[in-house]
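Here is how the chains run, residue by residue.
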Amino acid sequence: MCVHMGLSMVKAIKYVQQKANSPVDMRVGIHTGAVLAGILGQRQWQFDVYSKDVELANKMESSGKAGRVHISDKTLAFLNGEFEVEPAFGEKREELLRIAGLKTYFITKVVKPFASPCAKKINEIRTENSHTSINDLVNEEDDDNDASLDDEELLAQKVITNGQQSAVAEDEEEQVKLENFKQRLKDELVTRDGHENLTKDTNIFLRFKNPQLEQCYAVYREPYSSLPLLAALLVQCIDVLYSYLVLPRSTLHFINIAAPLVPIAMLVVISIAESFSGMLPKFFVDVSKRFNDITFVRELAAIIIALTIGLSNVIDMFFFVTFVRTEHIVSESEFNATGGLEGEVEEDDGVVTAEHLLPESFVEQMREAVPTERILYPSYLSNFGILILIAIAVIAQLTHLTKILLLLSIAALHCYFNIFIMQDFYAVEDDLAHQPIISTRFCASGLLLVAALALSTLARHMDHEDRVIFKWKTEVAEQKETANDMRQRNEALVYNVLPVHVAEHFMKNTKRSHDDLYSQSYAEVGVLFASMPNFSDFYSEETVNNQGLECLRFLNEVISDFDALLELPQFQDIIKIKTIGSTYMGASGINLQRNLRNDAPITERWSHLAVLVEFALELKHALQGINEQSFNHFVLKMGINHGPITAGVIGARKPHYDIWGNTVNVASRMESTGKAGAIQVTEETCNILQQFGYTFLQRGLVAVKGKGQLMTYYLQGKSQPNAEPEGAPPSIELHGPEALALDSTGELETSDIKTPLLKIKAQERSAETEGIVAQEPESLRNGNAGQMGGESQSLL
């Protein structure tokens, strides 16, 4: 498939040449072997592969020819005769291939076409439109074109022809899919069975098996959940009204039913005040919030309100009996009905009747004193008990177990008074109702029990639904938290793959189309390349290094330390572009917020270039610290250039931010043609940096691929006024190789130089003049003793 892809890429680049009339061409190199894959560093992550076989594949490309697929003999061994090849003799053009003992070949013909899904689709299109076979169409093409490439070209033409129609059809299809998805989601939410979801998480009492979840549910409260307490206050007010209008009795009775209004009103107001934060003073709202935040206090207040209205009615029933006994307000028909029951009630039944409650001496007085139109109905009190049960059932601060206990207790008290305390009064009411089949006291008591049981069931159901909703909300909150965490991770990943301003372009620009490209031109940018030339000698795929993994671990530590420098405030405007093996690439001046005047001085326009140089020097210091800790002797070879560049994000998959232009190419050549331990710049860059106090050593003309001969310079350092003490020997400024060897010894790690330049050059100079020879070792010992140390002793 790699070979087929390489052939397709060559075919595609030829199509670009024809359509764009451009000389752009492509070389393809393929090698087969082992790799280590991973991510290096802490910023601008990119997935990459590393190994000597990867380096050989790179050399296969560079030693190939334009428009050809160049493969090694190891790759050819896996192709199983599916391609015809010819010798390419790449080992003669690339020494590394020769050292590895590889023989190279060019692909000339495809023997077995690749049956890709693309080719199958083309076959279907051709079958519909014509009876021409694929082989016939292939024969009409040039002999060097293979069948799979023709298939792909035909598909590309077909797509271009029907591009607009297919785009519209795809948009409509996506819209239909979105609507179907929304409908399925809605149906799923509607039909979702919360009972099954809750059964496995709760016990028979609807308590969550997870104690932490149960504690959270006890603390949790819905907005406006305290408003149902108003029902209790309303019921008590109704009690006052109907007792005063329908059942007029004594002042004691009125005090009994009116007194509970005060504590009930106080508790209700303090509970619901937080629901009216915009209408009440902030002090009351804050007190209400603190009151409701304490779970025990909130539940205790609800229980007190429920018991108050329930027991108030029970006490009122007792006062009803007392009032009748003391005030003797009962009608003549009531006594007649009671008298009619005298023969029916047995004394040994133990049942209390009106005759027992009312002495016979008062009977005649009552008949004369009470008007016949005043009748008292005890069923009023029992029916009012149902209103109390409803008010208790809707309280949201209580669990269903507490509600059931309150409902059954209050209903039982009412039933006891109905059956055993007020039976004679119900007998009077039965008489007025013409003696129903079932006594009113039993009907009223049964109605109370049925209402209590029904409301208990409702309370359990409401608690169940509340717990289901709470569990769903908890799950939604967890999913939101997970989604938010994933979003933050994804954003962090995007910001770590792309520079900040580029990531913001993609993340915050909601109107951007998904296939929009990003590119930006910059006129004044600094580019840095820094490589470790001796890392390839350090890299080993032996077993002791875990097939090279330990070497990559070390390289990751080095690059991570380099990345850490970018976190320093003074280097915030420097952007890491990428790493290429052990080469570190960075740029400065890529900042969209830089607003400079057209007539700004050089020191202001190119201040970022000076910062880039300081960053390069910090890279050397960081690597020196790593060498001291790991007992290694790595050095950096760096090149810096400045000028205009074009930046952008390339690739439909695994997008990568990169910069292009002549400035980048020259910076790369400054690094590749430079010297280990030195920073090489062009003459134009040298002229700018001299404005910032940097000193340079002229190297001379250097052959740069594609640019010819360029005058280059090595950075020596930053000049410091009055740095030389009086009486110091005059410094010697040399040009050419000799000067470079002497002046750069402070920057080089001498153990990494294959030829002891210091010793050789000293011997050459000794043949010319003894005075200079005597002076040079002394200056080297004084100036570079700290940097060379014991390593220079072992070298000499």
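Residues numbered from 1 in each chain as written. Predicted model: local features only at pLDDT ≥ 70, side-chain atom pairs only at ≥ 80, totals over all residues. Heavy atoms only, no water.

Per an unreviewed UniProt entry, the protein chain goes by the name adenylate cyclase and belongs to Drosophila kikkawai. The UniProt entry for the protein chain carries this comment under Sequence similarities (unreviewed entry): "Belongs to the adenylyl cyclase class-4/guanylyl cyclase family." (UniProt positions renumbered as here; feature names shortened; annotations may be inferred.)

Visitor: A description of the sheet that holds strand 6 (residues 104–110) should follow, citing residues and the corresponding values.
Guide: The pairing of strands in a sheet happens through backbone hydrogen bonds and is either parallel or antiparallel. Read across the sheet, 4 strands follow the order 1-4-6-5 without closing on themselves; strand pairing throughout is mixed. The sheet is open, and its two edges are formed by strand 1 (28–30) and strand 5 (83–87), each paired on a single side. For this sheet, the mean angle separating the axes of adjacent strands, direction not counted, is 35 degrees. Pairing analysis gives 3 bridges linking strand 1 to strand 4 (residues 69–72), with the strands arranged parallel. By the bridge assignment, Val28 is partnered in strand 4 with Val69. (Pairing = 2+ DSSP bridges. Helix = DSSP H or I, 4+ residues; strand = E, 2+ residues; numbered from the N terminus. Axes fitted to C-alpha atoms, helices over the stretch in contact; angles between N-to-C directions.)

Visitor: Report on the packing of helix 21 (residues 400–421) against helix 22 (residues 423–432), specifying residues and quantitative values.
Guide: As a packed pair, helix 21 and helix 22 sit with axes 5 Å apart at the nearest point and diverge in direction by 75 degrees. The angle between the axes of helix 21 and helix 22 places the two elements in the roughly perpendicular class. Facing helix 21, whose interface residues are Asn418, Ile419 and Ile421, helix 22 presents Gln423, Asp424 and Tyr426. Of the residues belonging to the contact of helix 21 with helix 22, the class tally is 3 nonpolar, 2 polar and 1 charged. (Parallel < 35°, antiparallel > 145°, perpendicular 65-115°, else oblique. Contact = heavy atoms within 4.5 Å. Nonpolar A, V, L, I, M, F, W, Y, C, P; charged D, E, K, R; others polar.)

Visitor: Tell me about the packing of aromatic side chains, and please be specific about residues and values.
Guide: Tallying each qualifying case throughout the model produces 15 aromatic pairs. Arranged with centres 5.3 Å apart and planes meeting at 40 degrees, the rings of Tyr416 and Phe420 form a pair that is tilted. Taken together, the residues span about one helical turn, with Tyr416 and Phe420 both in helix 21 at a distance of 4 residues. A relative accessible area of 44% means that Tyr416 is categorised as partly exposed. Chaining the aromatic ring pairs together yields one cluster made of Phe208, Tyr217, Tyr220 and Phe470. Its end group placed over the ring of Phe89, Lys92 keeps NZ or CZ at 4.7 Å from the ring centre. (Phe/Tyr/Trp six-rings, centres within 6.5 Å; stacked < 30°, edge-to-face > 60°. Buried < 20%, exposed > 50% of the residue type's maximum accessible area, 1.4 Å probe, protein only. Lys NZ or Arg CZ within 6 Å of the ring centre and 35° of its normal.)

Visitor: How would you explain helix 22 if you had to name every residue and give the values?
Guide: Residues lying three or four places apart along an α-helix face the same way, a consequence of the helix completing one turn every 3.6 residues. Burial analysis of helix 22 places 8 of its 10 residues in the buried class, which makes it a mostly covered element. Among all positions of helix 22, only Gln423, Asp424, Phe425, Tyr426, Ala427, Val428, Glu429 and Asp430 are buried. After helix 22 finishes, the residue His434 shows a positive phi value of roughly 60 degrees.

Visitor: Just give me the short version of helix 14 (residues 261–272), but keep the residues and values in it.
Guide: Between the first and last C-alpha of helix 14 there are 16 Å, a value that for 12 residues agrees with the 16 Å anticipated at 1.5 Å per step. Where helix 14 is concerned, the buried positions are Ile264, Leu267, Val268, Ser271 and Ile272. Relative to the axis of helix 14, the buried residues are bounded by an arc of 115 degrees and lie together on one face. Opposite the buried face of helix 14, by more than 90 degrees, sit the exposed residues Val262 and Met266. (Expected span 1.5 Å × (residues − 1). Arc of directions from axis to C-beta.)

Visitor: For the nonpolar core, give the residues involved together with the corresponding values.
Guide: Judged by nonpolar contacts, the single largest core of 45 residues is most densely connected at Phe615, Leu619 and Ile640. Of all the secondary-structure elements, those providing two or more residues to this core are strand 7 (518–531), helix 26 (549–565), helix 28 (607–630), strand 10 (637–650), strand 12 (679–682), helix 30 (683–690), strand 13 (694–704) and strand 14 (708–718). Of the residues forming this core, the biggest block, 10 residues, is contributed by helix 28. Aside from chain neighbours lying at most four places away, what touches Leu619 is Leu528, Ala530, Phe562, Leu565, Leu636 and Met638. Residues Ala306, Leu381, Phe384 and Ile392 belong to the second largest nonpolar core, which totals 43 residues. (Core = buried A, V, L, I, M, F, W, Y, C linked by side-chain atoms within 4.5 Å.)

Visitor: If you had to explain the packing of helix 22 against helix 23 (residues 440–497) to someone new, which residues and values would you point to?
Guide: Interaxial distance between helix 22 and helix 23 falls to 8 Å at its minimum, and their mutual angle equals 110 degrees. Here helix 23 runs roughly perpendicular to helix 22, going by the angle between their axes. Contacts between helix 22 and helix 23 involve Gln423, Tyr426, Glu429 and Asp430 from the first element and Thr440, Arg441 and Ala444 from the second. Here the contact of helix 22 with helix 23 is composed, by residue class, of 2 nonpolar, 2 polar and 3 charged.

Visitor: Just give me the short version of the side chain of Gln423, but keep the residues and values in it.
Guide: Looking at the secondary structure, you find Gln423 in helix 22. At 2.7 Å, the side chain of Gln423 and the side chain of Arg441 are in polar contact. (Polar contact = N/O pair within 3.5 Å; in protein donor to acceptor, adjacent residues only side chain to side chain.)

Visitor: If you had to explain the UniProt feature "transmembrane region" (unreviewed entry) in the protein chain to someone new, which residues and values would you point to?
Guide: In the numbering used here, UniProt assigns the "transmembrane region" (unreviewed entry) feature to residues 227–247, 254–280, 300–324, 375–398, 404–421 and 442–459. Helix and strand shares over residues 254–280 are 63% and 0% respectively, and the end C-alpha atoms of the span are 32 Å apart. The straight-line gap between the two end C-alpha atoms of residues 404–421 is 25 Å; of that span, 100% is helix and 0% is strand.

Visitor: Could you give me a rundown of the environment of Asp25, with the residues and numbers involved?
Guide: Position of Asp25 relative to the elements: it lies in the loop between helix 1 (2–20) and strand 1. The residues contacting Asp25, other than those within four sequence positions of it, are Ile13, Gln17, Ala66 and Gly67. A polar contact of 3.4 Å, which involves the side chain of Asp25, links it to the side chain of Gln17.

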